[in-house]
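Next come the chains, spelled out residue by residue.
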Amino acid sequence: MTDQTAPTKATPTLPDAQTVTSVTHYTDRLFAFRCTRPQSLRFRSGEFVMIGLIGDNGKPLLRAYSIASPSWDEELEFYSIKVPDGPLTSRLQHIQPGEQIILRPKPVGTLVLDALLPGKRLWMLATGTGIAPFASLLRDPETWEKYEQVVVMHTCREAAELAYGRNLVEDLPKDPLIGELVAGKLHYYPTTTREPSDRMGRITDNMSSRKVFTDLGIAPMDPAHDRAMVCGSLDFNLDIKRVLEEAGLTEGANSAPAEYVVEKAFVD
Ligand SMILES: Cc1cc2nc3c(=O)[nH]c(=O)nc-3n(C[C@H](O)[C@H](O)[C@H](O)COP(=O)(O)OP(=O)(O)OC[C@H]3O[C@@H](n4cnc5c(N)ncnc54)[C@H](O)[C@@H]3O)c2cc1C
Ligand SMILES: NC(=O)c1ccc[n+]([C@@H]2O[C@H](COP(=O)([O-])OP(=O)(O)OC[C@H]3O[C@@H](n4cnc5c(N)ncnc54)[C@H](OP(=O)(O)O)[C@@H]3O)[C@@H](O)[C@H]2O)c1
């Protein structure tokens, strides 16, 4: 892991420009960065915005990104893939502190607490960079005030790909704002699928086989109390929806809150 931090803010020159303040590389495919936050930007933890750079044609080249920082944070954080030939991330991966990105300040999305009916236990189910919206929600006091238990299941192919989420979860009890709220409420269940590690297997398989309930010593899903948020690849989202529906949960939205909500981590 390598860190770089900017000492000062640069003057914005791009439309909707924000200045990168720090960059952390986790693997050759994953990095995170923080940037300044527009004063006018209000968002709900879990939402996404469009961010990007000026393209070769001089026009903004924008992509959807979950805001990984909580709504109270004075900066914004993003967690990103590096697609070698990706129009945006082939360049974004080289961003340095002090440089600028474009950020369209129109947050949207379904992974918000308001889109769920009140419940007792919240499941955050993520593959790959799908952990990003949960990095926001896990650092929001409202999550911990609304739920008695929070279960985070994050699955990646390899162990190094879990590092961003693992660091974040391990830091929660030390957080001055929410450390006390988190105590005794958090269950973290990271797994790998293509590299041996302490816990292995797909989220879908570990739920269907009930292994996750046994391993964590917790009760099986009950639609009266359990709520879930899902963020992963299209295939994962489709398969986990079936698992949740079989457990009796129904899909909700901002306009019609229910027992679970889903967002794509990327479009294939
Ligand atoms: C609602 C929403 C939220 C998103 N939030 C994030 C986020 O927080 N972090 C993030 O890194 N990306 C996120 N994405 C994906 C992001 O919008 C871009 O696709 C990504 O930054 C790559 O951009 P690109 O121009 O380099 O390549 P693109 O042309 O956009 O993608 C090329 C290919 O790379 C693969 N790919 C793209 N993104 C990912 C990914 N995240 N994980 C694995 N494979 C991928 C897909 O196969 C895709 O077809 C989100 C997408 C959506 C729809
Ligand atoms: N991760 C890498 O090291 C790597 C390297 C080079 C290129 N890529 C490319 O990058 C793209 C995205 O890769 P990614 O690793 O970020 O995402 P991914 O392929 O969606 O895999 C992320 C995790 O989700 C699991 N998963 C996938 N489909 C699932 C389903 N239907 N149900 C339950 N779990 C499921 C995977 O398990 P399984 O392992 O069992 O599929 C893996 O643990 C792919 O096109 C890939 O070819 C990835």
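Residues numbered from 1 in each chain as written. Chains lettered and ligands numbered in written order. Predicted model: local features only at pLDDT ≥ 70, side-chain atom pairs only at ≥ 80, totals over all residues.

Asker: What is the right way to read the overall build of the chain from this model?
Answerer: Check the secondary structure of the chain and you find 8 helices and 12 strands. For 268 residues, the compact-globule formula gives about 18 Å, and the C-alpha radius of gyration of the chain, at 18 Å, lands near that figure. In terms of principal-axis extent, the alpha carbons of the chain reach across some 55 × 40 × 35 Å. (Helix = DSSP H or I, 4+ residues; strand = E, 2+ residues; numbered from the N terminus. Rg over C-alpha atoms; globule rule 2.2 N^0.38 Å.)

Asker: Explain the site of ligand 1 to me, please; I cannot follow it from the model alone.
Answerer: In the region of ligand 1, 23 residues are neighbours, and Arg63, Gly86, Leu88, Thr89 and Phe266 sit closest. The biggest single contributor to the shell around ligand 1 is strand β5 (residues 60–66), with 4 residues. Among the domains, domain 1 (2–108) and domain 2 (113–264) are the pair contributing at least three residues each to the shell around ligand 1. (Near = placed C-beta within 6 Å. Domains from an automatic or database assignment.)

Asker: Any chance you could explain the nonpolar core here in plain terms?
Answerer: One recurring pattern in soluble globular proteins is that nonpolar side chains are buried together. Of all hydrophobic cores here, the largest spans 62 residues; its most connected members are Met124, Leu125 and Met229. Split by domain, this core shows at least three residues from each of two domains, domain 1 (2–108) and domain 2 (113–264). The residues touching Leu125, leaving out its near neighbours within four places in the chain, are Met153, Ile203, Ala228, Met229, Val230 and Ile240. (Core = buried A, V, L, I, M, F, W, Y, C linked by C-beta atoms within 7 Å. Buried ≥ 20, exposed ≤ 12 C-beta atoms within 10 Å, placed from the backbone. Contact = placed C-beta atoms within 7 Å.)

Asker: Looking at this structure, I do not really get the site of ligand 2. What am I missing?
Answerer: Near ligand 2, the surroundings consist of 16 residues, among which Thr127, Gly128, Thr193, Ser233 and Asp235 are the closest. Here the shell around ligand 2 takes 3 residues from helix α8 (residues 234–246), the largest share from any one element. Tallied by class, the residues present in the shell around ligand 2 amount to 3 nonpolar, 6 polar and 7 charged. (Nonpolar A, V, L, I, M, F, W, Y, C, P; charged D, E, K, R; others polar.)

Asker: How do you make sense of helix α4 (residues 163–171) when you look at a structure like this?
Answerer: An α-helical turn contains 3.6 residues, so any two residues separated by three or four positions project in the same direction. Within α4, burial applies to Tyr164, Gly165, Leu168 and Val169. Here the buried residues of α4 occupy an arc of 120 degrees about the axis, which is enough to place them on one side. Exposed positions of α4 whose direction lies more than 90 degrees from the buried face are Glu170 and Asp171. On the buried face of α4, the contacting elements are β3 (30–36), β6 (75–81), α2 (132–137), β9 (149–156) and β10 (186–192). (Arc of directions from axis to C-beta.)

Asker: Looking at this model, I keep getting lost on the sheet that holds strand β12 (residues 260–264). Mind explaining?
Answerer: Two orientations exist for strands paired in a sheet by backbone hydrogen bonds: parallel and antiparallel. Strand order in the open sheet made by the 5 strands is β10-β9-β8-β11-β12, with parallel pairing throughout. Looking at strand neighbours, the two that pair on one side only are β10 and β12, the edges of this open sheet. Strand-to-strand, the axes of this sheet are offset by a mean angle of 10 degrees, without reference to chain direction. Pairing of β9 with β10 involves 7 bridges; the strand directions are parallel. Its bridge partner lying in β10, Met153 is registered against Tyr189. (Pairing = 2+ DSSP bridges. Axes fitted to C-alpha atoms, helices over the stretch in contact; angles between N-to-C directions.)

Asker: How should the domain arrangement of the chain be read in this particular structure?
Answerer: Segmentation of the chain into domains returns domain 1 (2–108) and domain 2 (113–264). Of note, the centres of domain 1 and domain 2, computed from C-alpha atoms alone, are 25 Å apart. Of the residues lining the interface, 16 residues belong to domain 1; the matching set on domain 2 comes to 14 residues. Put simply, the parts of the chain that give the side of domain 1 that touches domain 2 at least two residues each are β3 and β6.

Asker: Can you walk me through unusual backbone geometry in this structure?
Answerer: A negative phi angle is the norm for most residues apart from glycine, just as the trans form is the norm for most peptide bonds. In this structure, Arg210 is a non-glycine residue whose phi angle is positive, near 70 degrees. Examined against the element boundaries, Arg210 turns out to sit in the loop between α6 (203–208) and α7 (211–216).

Asker: What is the right way to read the confidence of the model for the chain from this model?
Answerer: Any segment with low pLDDT has predicted coordinates that should not be analysed in fine detail. In the predicted model, the chain carries a mean pLDDT of 95, and the fraction of residues at 70 or more is 95%. Below pLDDT 50 for its whole length, residues 8–12 participates in 7 contacts with residues either more than four positions away or in separate chains. (pLDDT = per-residue confidence, 0-100.)

Asker: Looking at this structure, how should I read the pairing of β9?
Answerer: Within a regular beta strand, the side chains point alternately toward one face of the sheet and then the other, so they alternate between its two faces. Extensive coverage of β9 is indicated by the burial of 7 of its 8 residues. Here 7 bridges tie strand β8 (residues 121–127) to β9, and the two strands are oriented parallel to one another. Looking across to β9, one finds that Trp123 is bridged to Val151.

Asker: Looking at this model, I keep getting lost on the pairing of β3. Mind explaining?
Answerer: For β3, the tally of buried residues reaches 7 of 7 residues, placing the bulk of the element in the interior. When strand β2 (residues 17–25) meets β3, the two strands line up antiparallel, connected through 5 bridges. The partner of Val20 across the bridge, within β3, is Cys35. Hairpin connection of β2 to β3: 4 residues between the antiparallel strands. In this structure, β3 lies alongside β6, joined through 7 bridges in antiparallel fashion.

Asker: Teacher, can you tell me more about the environment of Asn167 here?
Answerer: Counting through the fold element by element, Asn167 comes out in helix α4. Accessibility expressed as a C-beta count within 10 Å gives 14 for Asn167, which makes it partly exposed.

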